[in-house]
Amino acid sequence: MSATQPAQPKVTERDARQVAEAAREQDWHKPSFAKELFLGRFRLDLIHPHPQPADEDVRRGEAFLARLRAFCETAIDGPRIEREARIPDETVRGLKELGALGMKIDPKYGGLGLTQVYYNKALALVGSVSPAIGALLSAHQSIGVPQPLKMFGTQEQKEAFLPRCATTAISAFLLTEPDVGSDPARLATTAVPDGDAYILDGVKLWTTNGVVADLLVVMARVPASENHRGGITAFVVEADSPGITVEHRNAFMGLRGLENGVTRFHRVRVPSSQRIGAEGSGLKIALTTLNTGRLSLPAMCVGAGKWCLKIAREWSGVREQWGRPVARHEAVGAKISFIAATTFALEAVVDLASQMADEDRNDIRIEAALAKLYGSEMAWLMADDLVQIRGGRGFETAESLAARGERAVPAEQLLRDLRINRIFEGSTEIMHLLIAREAVDAHLSVAGDLIDPDKDLGDKARAGARAAGFYARWLPKLATGAGQVPGSYREFHPAGHPDLSAHLRHVERSARKLARSTFYAMSRWQGRMETKQGFLGRIVDIGAELFAMSAACVRAEHLRATGDHGREAYQLADAFCRQSRIRVEELFARLWSNTDDLDRKVVAAVLSGSYTWLEEGVLDPSGDGLWIADAAPGASTRENVHRPFR
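Residues numbered from 1 in each chain as written. Predicted model: local features only at pLDDT ≥ 70, side-chain atom pairs only at ≥ 80, totals over all residues. Heavy atoms only, no water.

Looking now at the overall build of the chain. Helix and strand content of the chain: 23 helices and 10 strands. Taken over C-alpha atoms, the radius of gyration comes to 25 Å for the chain, in line with the 26 Å a tight globule of 646 residues would show. For the chain, the C-alpha atoms occupy an extent of roughly 75 × 70 × 65 Å along the three principal directions. The burial tally for the chain puts 53% of its 646 residues in the buried class. Long-range contacts, defined as pairs at least 24 residues apart, comprise 77% of the intrachain contacts of the chain with a sequence gap of at least 6. Accessible surface, the chain: about 29100 Å² in total, of which carbon and sulfur atoms supply 54%. With 81 positive and 82 negative side-chain charges, the chain shows a spacing of 4 Å between the two charge centroids. (Helix = DSSP H or I, 4+ residues; strand = E, 2+ residues; numbered from the N terminus. Rg over C-alpha atoms; globule rule 2.2 N^0.38 Å. Buried < 20%, exposed > 50% of the residue type's maximum accessible area, 1.4 Å probe, protein only. Contact = heavy atoms within 4.5 Å. Areas by Shrake-Rupley, 256 points an atom, 1.4 Å probe, with all protein chains shown as cover. Lys, Arg positive; Asp, Glu negative; His and termini not counted. Charge placed at Lys NZ, Arg CZ, Asp CG, Glu CD.)

Structural data, given as structure tokens:
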């Protein structure tokens, strides 16, 4: 191995931005509650009354959940998976027989045809027993072969691959490379046209399911040439094709049963008939697939929250300190209240976004992204609070607890397993930027040329005229609204229940304030706005809180109207909104009062070596080696550890 860092493709910041922008869905053909929220328009009518699934969807979904629950109770050994760091073959066989590989696949291809709502409920259930199995099923169906083929595949491709995916074949999604994370402009894996096929060369990292997969979705760069437009392109690839080597099975701090590895392609021949979509459309396919695919991750976070609440309730009611149960001590009680209220709100967010995805009448790209962002962050906080509530027992492993005669509660495992969710399928930082880009889309569509250094004076003049017209109509609407009218949203204040209408009025006022803050920032920073990642992150976090409050209130009213724990739901929604409003007030204050500028100076000094004296007095236990492994194309020199389930 080379002792120096391998050379990588040189990509400028502008190149990277252009690639990402070209992959975005440029148009909005359907309404979006979250998009309107960021524009200062509180469109409650888009989510209230709460959308409902069809009776047949409920019947089919509940029937499968009953079968899945029985399987989870009798055939999944979560501690064994954690201990052995692998899912037993017989467990996967059982899941296949149950139809779990085809939950989202149309029945005409052998799948179950479940809605997004029930698919999410299934993932939350199985993930509560084994997060590794939840990840296996989610990676297979949410981002693996079934979803992109459903949306972009030809009829021939669907007939060839979907029946296999529904019954026997596990799939994986391969985009990330050793030096390519959220910046696809640096993608180095190539697919060179060769007659009626393409020749794949390259290395893919963190290939969830890649170690055991039968089918792969691979993103590779096709060089532009005569009759080939080129660009990042998606392919379905047989995992046992000659030239494919799984060189390493990765091990992580959590999700120990995760079959995630490093996959090398060397002169792998893939028929042109297995290309998904047109050349150059691969990244757009990946991002579009993730629009609804991201909902599976927060669904499992909901399951984690439910389990945290159960353990916190049971443990804190029997554990006594200073003469009373610890739950009765305010410091612990506040954590329990946070877990309960947040679990209710997070389930409201996921169910609402999922039902809207099933109905397909709203554009939910922002809602799904917010659900992923908010769910991963809040689940981590809930798990951390559970560990704190459990004290030393929270830090102790379930196996150790059982060995000394106590209940085997895997709280520390949950904390480890959940940590990856803040990185999976777009890190929190990337999600902030992705959502922020969508949130300011309306502004950039009318005024983007004004801040684009490559536009000439004529373009800027026309953009100025468009912007003047847009803001003349838009800005006055941000001055007043229903949030300032007492009695607005009165249906959310039924007799004998907490007043949720006050929280919705707060959401409406805050949405307008959020839009004004965004406009002011764009006016102030113009082209430098995209570098203000701290500001943009807070803007998105405010939007996430407002979305969660809205979903919680709508869900509470729906449960009240249907007679399903309505009073308790109102209490939980009220508690969540009060907690959320405090966070929103803090975020608004931090938009303009923060240490962002000072932080940049400190970072510059750190990178220049000014503070190396601060690092003295410790030893670095890290081993030798490159920061990023050499991923130069070529034949593999390692043993193939590909291990399909049998």
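What follows picks up the thread again.
Next up on the list: the layout of surface pockets. Rolled over the atoms, a probe with the dimensions of a water molecule shows which regions are left empty. Put simply, the second largest pocket is a space of about 830 Å³. Listed by contribution, the elements that provide at least two residues to the lining of the second largest pocket are α8 (146–152), α9 (155–167), α10 (282–293) and α12 (330–359). Take the lining of the second largest pocket: its biggest share by element is 4 residues, from α8. Its residues assigned to classes, the lining of the second largest pocket comprises 11 nonpolar, 10 polar and 12 charged. (1 Å grid on protein atoms, 1.4 Å probe; cavity = no way out; pocket = protein on both sides within 12 Å on 5 of 7 lines; lining within 4 Å. Points joined across faces, edges and corners; volume = space filled by probe spheres on them. Nonpolar A, V, L, I, M, F, W, Y, C, P; charged D, E, K, R; others polar.)

What follows deals with the side chain of T91. Structurally, the position occupied by T91 is in helix α5 (residues 89–98). Its relative accessible area of 5% is what places T91 among the buried residues. T91 has contacts with F71, A75, I76 and I133, leaving out every residue within four places of it along the chain.

Two numbers describe how α12 lies on helix α13 (residues 365–390): the axes approach to 10 Å, and their chain directions differ by 155°. Comparing the axis directions of α12 and α13 gives the class roughly antiparallel. Handedness of the crossing formed by α12 with α13: left-handed. Between α12 and α13, the residues in contact are V332, K335, I336, F338, I339, T342, T343, L346, V349, A353 and M356 and E367, A371, Y374, G375, M378, L381, M382, D385, L386, Q388 and I389, respectively. Taken together, the residues that form the contact of α12 with α13 break down as 15 nonpolar, 4 polar and 3 charged. (Axes fitted to C-alpha atoms, helices over the stretch in contact; angles between N-to-C directions. Parallel < 35°, antiparallel > 145°, perpendicular 65-115°, else oblique. Left-handed = near helix turned anticlockwise from the far one by under 90°.)

Right, let's get into the environment of E330. Mapped onto the fold, E330 is located in helix α12. Each C-alpha atom, one on E330 and one on K158, is 56 Å from the other, the two residues being 172 residues apart in sequence.

Our focus in this paragraph is α5. Note: α-helices contain 3.6 residues per turn, so residues at a spacing of three or four share the same orientation. By the criterion of burial, α5 is predominantly enclosed, with 7 of the 10 residues buried. Along α5, the positions that sit buried rather than exposed are D89, T91, V92, G94, L95, K96 and L98. Contacts made by the buried residues of α5 are with α3 (55–75), α7 (131–143) and α9. At the exit of α5 stands G99, carrying a positive phi of roughly 90°.

For the structure on display, the rule yields 13 aromatic pairs. Relative to F547, the ring of F33 lies with its centre 6.0 Å away and its plane at 45°, an arrangement referred to as tilted. On the criterion of sequence distance, the pair formed by F33 in helix α2 (residues 33–38) and F547 in helix α21 (residues 533–561) is long-range, its members being 514 residues apart. By relative accessible area, F33 is classed as buried at 0%. The class of F547 is buried, set by a relative accessible area of 1%. Linked through ring pairs, F33, F42, Y489 and F547 together constitute an aromatic cluster. (Phe/Tyr/Trp six-rings, centres within 6.5 Å; stacked < 30°, edge-to-face > 60°.)

Attention now goes to a nonpolar patch on the surface. Taken together, the side chains of L598, V602, V603, V606, L607, Y611, W613 and L614 present a nonpolar region at the surface, about 810 Å² in accessible area. With respect to the element layout, Y611 can be found in the segment after α23 (596–608). (Patch = residues over 30% accessible without salt bridge, like charges linked within 9 Å, V, L, I, M, F, W, Y side chains within 5 Å. Salt bridge = Lys/Arg side-chain N within 4 Å of Asp/Glu carboxyl O.)

One can find V349 in helix α12. You can call V349 buried: its relative accessible area is 1%. Through-space distance from the C-alpha of V349 to that of K372 is 9.9 Å; in sequence the pair is 23 residues apart. With near-sequence residues (within four places) excluded, V349 lies in contact with A371, F547, A548 and A551.

Along the chain, E156 turns up in helix α9. Sequence separation of E156 and Q274 is 118 residues, and the distance between their C-alpha atoms is 9.6 Å.

The contact between α13 and helix α17 (residues 428–439) brings their axes to 10 Å, and the two run at 155°. The pairing of α13 with α17 is recorded here as roughly antiparallel in orientation. The element α13 and its partner α17 pack so that their crossing is left-handed. On α17, the residues touching R365, I366, A369, L370, K372, L373, S376 and E377 of α13 are T428, M431, H432, L434, I435 and E438.

Our focus in this paragraph is the nonpolar core. If you look at the biggest cluster of nonpolar residues, it comprises 97 residues, and the most contacted ones within it are L370, F492, L546 and F576. Residue contributions to this core peak at 16 residues, all from α21. Not counting residues up to four positions away in its chain, the partners in contact with L546 are L37, V507, S510, A511, L514 and V584. (Core = buried A, V, L, I, M, F, W, Y, C linked by side-chain atoms within 4.5 Å.)

What follows covers the pairing of strand β3 (residues 197–208). Counting buried positions over the 12 residues of β3 gives 11, a clear majority of the element. Of the pairings in the sheet, the one linking strand β2 (residues 190–194) to β3 comprises 5 bridges and is antiparallel in character. Opposite V192, over in β3, you have I199 as the bridge partner. Turn length for the β2-β3 hairpin, with the two strands adjacent in sequence and antiparallel, is 2 residues, and the turn residue G195 shows positive phi of about 65°. Strand direction decides the pairing type here: β3 and strand β7 (residues 260–271), joined by 9 bridges, are antiparallel. Each residue of the ladder has a partner; that of G202, found in β7, is F265. (Pairing = 2+ DSSP bridges.)

For the rest of this paragraph, the subject is α9. With 13 residues, α9 ought to run about 18 Å at 1.5 Å a step, and its terminal C-alpha atoms sit 19 Å apart, in line with that. The largest bend along α9 measures about 35° and falls at F161, with the proline P163 one to four residues further on. Every buried residue belonging to α9 is among Q157, K158, F161, L162, C165 and A166, and all of these are buried. (Expected span 1.5 Å × (residues − 1). Bend = angle between axes of the 7 residues up to and from the residue.)

What you tend to see is this: most non-glycine residues have negative phi, and most peptide bonds are trans. With an omega of 0°, the peptide bond running from H48 to P49 counts as cis. Assignment of secondary structure puts P49 in the loop between α2 and α3. Residue W206 is not a glycine yet carries a positive backbone phi of 55°. Tracing the chain through its elements places W206 in strand β3. For W206, a relative accessible area of 48% puts it in the partly exposed group.

In short, the description is geometric, and any link to function would need to be established separately.
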